[in-house]
Each structure stands twice: as C-alpha cells, then as structure tokens.
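# Coordinate analysis (summary)
If you want the building blocks of each chain, they are given just below.
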Amino acid sequence: AQSVTQPDIHITVSEGASLELRCNYSYGATPYLFWYVQSPGQGLQLLLKYFSGDTLVQGIKGFEAEFKRSQSSFNLRKPSVHWSDAAEYFCALNMDNYGQNFVFGPGTRLSVLP
Amino acid sequence: DTEVTQTPKHLVMGMTNKKSLKCEQHMGHRAMYWYKQKAKKPPELMFVYSYEKLSINESVPSRFSPECPNSSLLNLHLHALQPEDSALYLCASSQDPSGGRNEQFFGPGTRLTVL
C-alpha cells in the first residue's frame, strides 16, 4: 500500500539557519508529491508540488524540494528560516487515476528560535 | 478568486443539536472534500464529491451527512455528535476529480467543539 513517512515529529531551528524536512514515500510508480504548510488553527497551504521533469522544485516562501527516486524521498529545504515559518508541515502523495485521495504523512512540527 | 471559504469559523454544540458546516469555492473545481483533523495529526478524509455526486465515503458515521447542492457549495450536516467528534473540519477542492496532479485547495476550517 502507498504510504508517506516523515521521520521527524518535531524540529527546532534558529532563525536564519537552514532547514531540511524529510519525507519518504512508498509507491511502485512515479508519484505526485506535495508539501503543505499549516499554521495553528488554519487550513493547509500548498508550498510546492512535483509531477515529473526537473527533480528540484521551487515553491512559495523561498522553499524548494528535491525528488530522489533512488531514495524514495522528497525533502523540503529552505536556506534561511524566518520566525513566521513556524508551523506544521505535511508531505502528501497522490497517484494517477486516483486523484481524489491524498496520502498524507504524519507531519513535522517546526519551531523557530529567535 | 482562488480561495475556499468555510463558515462558521468556530462552532460549539451539544450532543442533541443539529448544525451545519458550509464550504464554498468559485474556482470552477469539480471535486470537493471534507476532512477531519485532530490535534497534531494529518487530515483524515471523510467524503469526496465528484461532479456533485458522492464518490467516496470513508466509513463515516451517519451522524455526519454531506450535501453538495451545486458545484460551488458543500455542506456537512451534523446531528447527535459525540465529544470525540470535536476537531477541525477542513473543506478542500480540486480541479479534476480523476487527475492525481491536481493539488487540493483547503479552506481555513471550522473548529468544532461538542459538549
């Protein structure tokens, strides 16, 4: 069965430091991959998505992610974290001809120290 | 207009009450979704409407009753809920129900508390 894991439940970084959030997936074919961010009590906002082509994907708010098929990973990165980036981050997978049911990872909570 | 709106923002109800959650999008999307999200957990899919027809019901108790009056509106009718139903209820929409490439656009959610 398809699945998404995010090995880090909680990450704390200092403002201005770099960030990498890990995401691994299990799926036999090429998946469609997404990163969403959720601020407390809010809905989810799409940061970026990967379908095919260039494996380095640029998103909003200075985020990028790299798809590595050999490692079944889609890690999210940001070179310099801002205090406003503190939130919950979800990696999600979708599959062709199965567009209605995202598989979400458990989420990683990011805290940012001043 | 690229947003999904939800009302109310907060709702407190007793176990014998009947209430409804509303969701609206004007992006021309043909798939709409209800999710339930408990604290510190990812969203859990409840229902999917595809071209205004219910296409997925993830074994949700009958005290939750979805309705899709038209392509822009989605309701979730609540009746005889339990305290464990307290959660953030998220609505989402996507352009094409069958396309895996289509991201889902989420509303801000309704925070439901059942007393």
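This text goes with the structure placed above it.
Here's a quick rundown of the structure. (Residues numbered from 1 in each chain as written. Chains lettered and ligands numbered in written order. Predicted model: local features only at pLDDT ≥ 70, side-chain atom pairs only at ≥ 80, totals over all residues. Heavy atoms only, no water.)

Take the overall build of chain B next. A count of helical and extended segments in chain B gives 0 helices and 11 strands. Traced from its N-terminal end to its C-terminal end, chain B shows the element sequence β-β-β-β-β-β-β-β-β-β-β. For chain B, the C-alpha radius of gyration of 13 Å lies close to 13 Å, the compact-globule estimate for 115 residues. Once the C-alpha set of chain B is aligned to its principal axes, its extents read approximately 40 × 25 × 25 Å. The buried share of chain B, taken over its 115 residues, is 50%. For chain B, contacts bridging at least 24 residues in sequence account for 54% of all contacts bridging at least 6. Carbon and sulfur atoms make up 50% of the accessible area of chain B, which amounts to about 5500 Å² in all. (Helix = DSSP H or I, 4+ residues; strand = E, 2+ residues; numbered from the N terminus. Rg over C-alpha atoms; globule rule 2.2 N^0.38 Å. Buried < 20%, exposed > 50% of the residue type's maximum accessible area, 1.4 Å probe, protein only. Contact = heavy atoms within 4.5 Å. Areas by Shrake-Rupley, 256 points an atom, 1.4 Å probe, with all protein chains shown as cover.)

Now for the overall build of chain A. Looking only at helices and strands, one finds 0 helices and 12 strands in chain A. Ordering the α and β elements of chain A from the N terminus gives β-β-β-β-β-β-β-β-β-β-β-β. In terms of overall dimensions, chain A is globule-like: its C-alpha atoms have a radius of gyration of 14 Å, near the 13 Å expected for 114 residues. The dimensions of chain A, computed from C-alpha atoms along their principal axes, are 45 × 30 × 20 Å. Split into buried and exposed, the 114 residues of chain A put 47% on the buried side. Pairs at least 24 residues apart make up 54% of the contacts formed inside chain A by residues separated by at least 6 positions. Surface summary for chain A: the accessible area is close to 5200 Å², and the carbon and sulfur share equals 49%. If you average the places of the 8 positive and of the 9 negative side-chain charges in chain A, the two averages end up 1 Å apart. (Lys, Arg positive; Asp, Glu negative; His and termini not counted. Charge placed at Lys NZ, Arg CZ, Asp CG, Glu CD.)

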